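# Structural features, examined
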Amino acid sequence: MDITTVLKKEKLNKEDIVFLLGRTAQDELDQLYSAAYAVKKEWVGNVDYYRGLLEFSNRCIKNCCYCGIRRGNTEVERFDTPKEDIVAMARWCYEQQYGSVTLQSGERQDPAFIDYIEELLREIKKIGGGALGITLCVGEQTKETYRRWYDAGAHRYLLRIESSNPKLYATLHPQDGHHRWEVRKACLDSLAEIGYQVGTGVMIGLPGQTLEDLAEDVLFYQKQNIAMIGMGPYVAHHNTPLGKKVCEDGLDTPKARAERLRSSVNMVAVTRLFLKDVNIAATTAMQTLHPFGREMALKAGANILMPLVTLPQFRTQYQLYDNKPCLEDGKEECRNCLSSRVASVGDTVGWGQWGDSPHYFNNLK
Ligand code: 5AD
Ligand code: SF4
């Protein structure tokens, strides 16, 4: 196979996707990324949108083997952000013309949490007469809960499938009946049925993950008719079962980390080439593995940035993985830093716009 020929194809098949994901030579990568950037320009424009990211609580009932705020990590001090503070942060995002906010926390399913989110959504919705787009990212819930939150004003929901391969998923989660791939998948279906713009994504460079798996992930996005994609490299966290194992097995070397970053940028590029009109995030995890990781993602087809708005005193307590960047920065610094990153790749910022995924409206299959 030859990359120039593959990139000229009207429609990529699974074999092409595997081939593109596996490219490592710099000249081939340059071709891949510039083809993906051209598709981004044509289908979604070289305008990048901001979602102010509010990580408002690190309490979580789950125990995912890779995650630093898993229930079993007793080193972490748990926090909740008072509702007034969250609303004030959302108002700040509105004033900064961020266009939309993402509310993220660990997973909880108790009635108090469900009510809290519902009230919070109604409060945020009042800002600017409903001017802010709201994305929720608070885990697996019943369809009824998803509907209540939709009715209260959330219109986008992020829930990563982590891997479209149920066997690989099982190796990343405790087998206690509370971490089931089928449930995660059913949640994605419920969200779509209710009318949310649905986002999902995977971690890249997981132990045991193959290029085939990653190609299946891209096909999964298509099959689920996903509008928004957030994915990034797996990054070890020292006090998690998976992080410890990866370190013990000698799989967390600088070389391995560089490979995980390259695979992640390749995934962004291939996803852009294959799905064309979806929103794709340049995630913080990319920047964790390389100072210019987010720029690389933007140049390879990503069009969404999520500046941290989380209160500085809570940032260190919301570490899903080690070496998370921006812990010392305030929300103003995150705003300015990301704006210069956008300008450095030749894009502009879609200030004050929701920046909905055109896919949701084009509904291309
Ligand atoms: N490395 C990279 N991503 C992680 N996430 C959780 N832990 C890690 C990690 N160690 C991601 C998962 C989850 C999202 C909120 O963060 O994909 O869905
Ligand atoms: Fe909880 Fe999400 Fe971390 Fe899993 S990945 S432990 S659900 S915060």
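Look up a bit, the structure's there.
The numbering scheme is per chain: residues are counted from 1 as the chain's sequence reads. Just so you know, chain letters begin at A and ligand numbers begin at 1, following the order they were written in. At least 70 in pLDDT is required for a residue's local features to be given in this predicted model, at least 80 for side-chain atom pairs to be given and counted, and no such filter applies to totals for whole chains, interfaces and linings, which use all residues. Computation of side-chain values: all heavy atoms of the structure, hydrogens and water removed.

A pair is scored as a salt bridge if a Lys or Arg side-chain nitrogen falls within 4 Å of a carboxyl oxygen belonging to Asp or Glu. In this structure the tally under the stated criterion is 28 salt bridges. Between E118 and R122 there is a salt bridge; the shortest N-O distance is 3.6 Å. You can see E118 and its partner R122 sitting in helix 5 (residues 111-126), four residues apart, about one turn around the helix. Only protein chains enter the area calculation, which uses a 1.4 Å probe; residues under 20% of their type maximum are buried, those over 50% are exposed, and those in between are partly exposed. On the accessibility criterion, E118 (16% relative accessible area) is buried. Among the residues examined, R122 registers a relative accessible area of 42% and is labelled partly exposed. The shortest N-O distance in the salt bridge between R341 and E295 comes to 3.1 Å. Highlighted residues: R341 in helix 15 (residues 331-344) and E295 in helix 13 (residues 293-299), separated in sequence by 46 residues. Here R341 matches E295 in class, with each residue buried. Taken together, the shared-partner salt bridges in this structure form one network comprising K62, E107, E140, E162 and R184. Helix and strand definitions follow DSSP, with helices as H or I runs of at least four residues and strands as E runs of at least two, each counted in order from the N terminus.

Given two aromatic rings, their pairing is described by the distance between the two centres and the angle made by the two planes. In this scheme Phe, Tyr and Trp rings, the latter by its six-membered ring, pair at centre separations within 6.5 Å, and the angle between planes marks the pair as stacked below 30 degrees, edge-to-face above 60, and tilted otherwise. Tallying each qualifying case throughout the model produces eleven aromatic pairs. For the ring pair F79 and F314, a centre distance of 4.3 Å and an interplane angle of 10 degrees mean the geometry is stacked. Here F79 is found in the loop between strand 1 (47-57) and helix 4 (83-95), whereas its partner F314 is found in helix 14 (residues 312-315), with 235 residues between them in sequence. Note on F79: relative accessible area 3%, which makes it buried. Ring centres of W92 and Y98 lie 5.6 Å apart, and the angle between their planes is 80 degrees; this geometry places the pair in the edge-to-face category. Just as W92 is buried, Y98 falls in that class too. What links up through ring pairs into an aromatic cluster is the set Y50, W92, Y98 and W351. Taking NZ or CZ as reference, K299 lies 4.4 Å from the ring centre of Y37, over its face. Ring-over charges, as used throughout, are those where CZ of Arg or NZ of Lys falls within 6 Å of the ring centre and within 35 degrees of the ring normal.

The next thing to look at is the environment of Q222. Secondary-structure assignment places Q222 in helix 9 (residues 211-223). Once the C-alpha coordinates of Q222 and F274 are considered, the two residues, 52 residues apart in sequence, prove to be 8.6 Å apart.

Every axis corresponds to a line fitted to the C-alpha atoms, with the helix fit spanning only the stretch in contact, and the corresponding angles, defined between N-to-C directions, vary from 0 to 180 degrees. Between helix 2 (residues 14-21) and helix 11 (residues 254-275), the shortest axis-to-axis distance is 9 Å and the interhelical angle comes to 150 degrees. With respect to their mutual orientation, helix 2 and helix 11 come out roughly antiparallel. Pair helix 2 / helix 11 crosses with right-handed handedness. Taking contact as the criterion, the partners of I17, L20 and L21 in helix 2 are, on helix 11, N266, M267, V270, L273 and F274. Looking at the contact of helix 2 with helix 11, its residues break down into seven nonpolar, one polar and no charged. If an angle is under 35 degrees, it is roughly parallel; if it is over 145, roughly antiparallel; if it lies from 65 to 115, roughly perpendicular; otherwise it is oblique. By convention, the crossing between two helices is left-handed when the near helix turns anticlockwise from the far helix through less than a right angle, and right-handed when the turn is clockwise. The contact criterion used is simple: two residues touch if any of their non-hydrogen atoms lie within 4.5 Å. Note on residue categories: nonpolar means Ala, Val, Leu, Ile, Met, Phe, Trp, Tyr, Cys or Pro, charged means Asp, Glu, Lys or Arg, and polar means any other residue, Gly included.

What follows is about the nonpolar core. Residues enter a nonpolar core if they are buried and are Ala, Val, Leu, Ile, Met, Phe, Trp, Tyr or Cys, with the set joined through side-chain atoms within 4.5 Å. Formed by 104 residues in total, the largest nonpolar core has its most connected members in L103, I124 and W149. At nine residues, helix 11 tops the list of elements feeding residues into this core. Setting aside chain neighbours within four positions, we find I124 in contact with I86, V87, A90, V101, L103, L132 and I134. Counting residues in hydrophobic clusters, the runner-up holds twelve residues, among them Y49, A281, I304 and C334.

A word on the site of ligand 2. By convention in these notes, a residue is near a molecule or strand provided one of its non-hydrogen atoms lies within 4 Å of it. All residues adjacent to ligand 2 are C60, K62, C64, Y66, C67, I69, R70 and G106. For the shell around ligand 2, the residue count by class is five nonpolar, one polar and two charged.

A few words on unusual backbone geometry. Even without being a glycine, N225 presents a positive backbone phi close to 55 degrees. By the secondary structure assignment, N225 is in the loop between helix 9 and strand 7 (228-229). Since its relative accessible area comes to 23%, N225 is described here as partly exposed. In this structure, C326 is a non-glycine residue whose phi angle is positive, near 70 degrees. Secondary-structure assignment places C326 in the loop between helix 14 and helix 15.

Okay, the site of ligand 1 next. Inspection of the region around ligand 1 gives Y66, C67, R160, E162, M203, P233, Y234, V235, L320 and Y321 as its neighbouring residues. Y66 has a polar backbone atom sitting 3.0 Å from a nitrogen atom of ligand 1. Here a polar contact is taken to be a pair of N or O atoms separated by no more than 3.5 Å, where protein atoms must pair a possible hydrogen donor with a possible acceptor and residues adjacent in sequence count only if both atoms sit in side chains. Between a nitrogen atom of ligand 1 and a main-chain N or O atom of L320, the distance comes to 3.5 Å. For ligand 1, whose accessible area on its own is 410 Å², the fraction buried by protein is 87%. Of the residues that constitute the shell around ligand 1, the class distribution is eight nonpolar, no polar and two charged. Each accessible area is a Shrake-Rupley result for a 1.4 Å probe, and residues are judged covered by the shown protein chains and nothing else.

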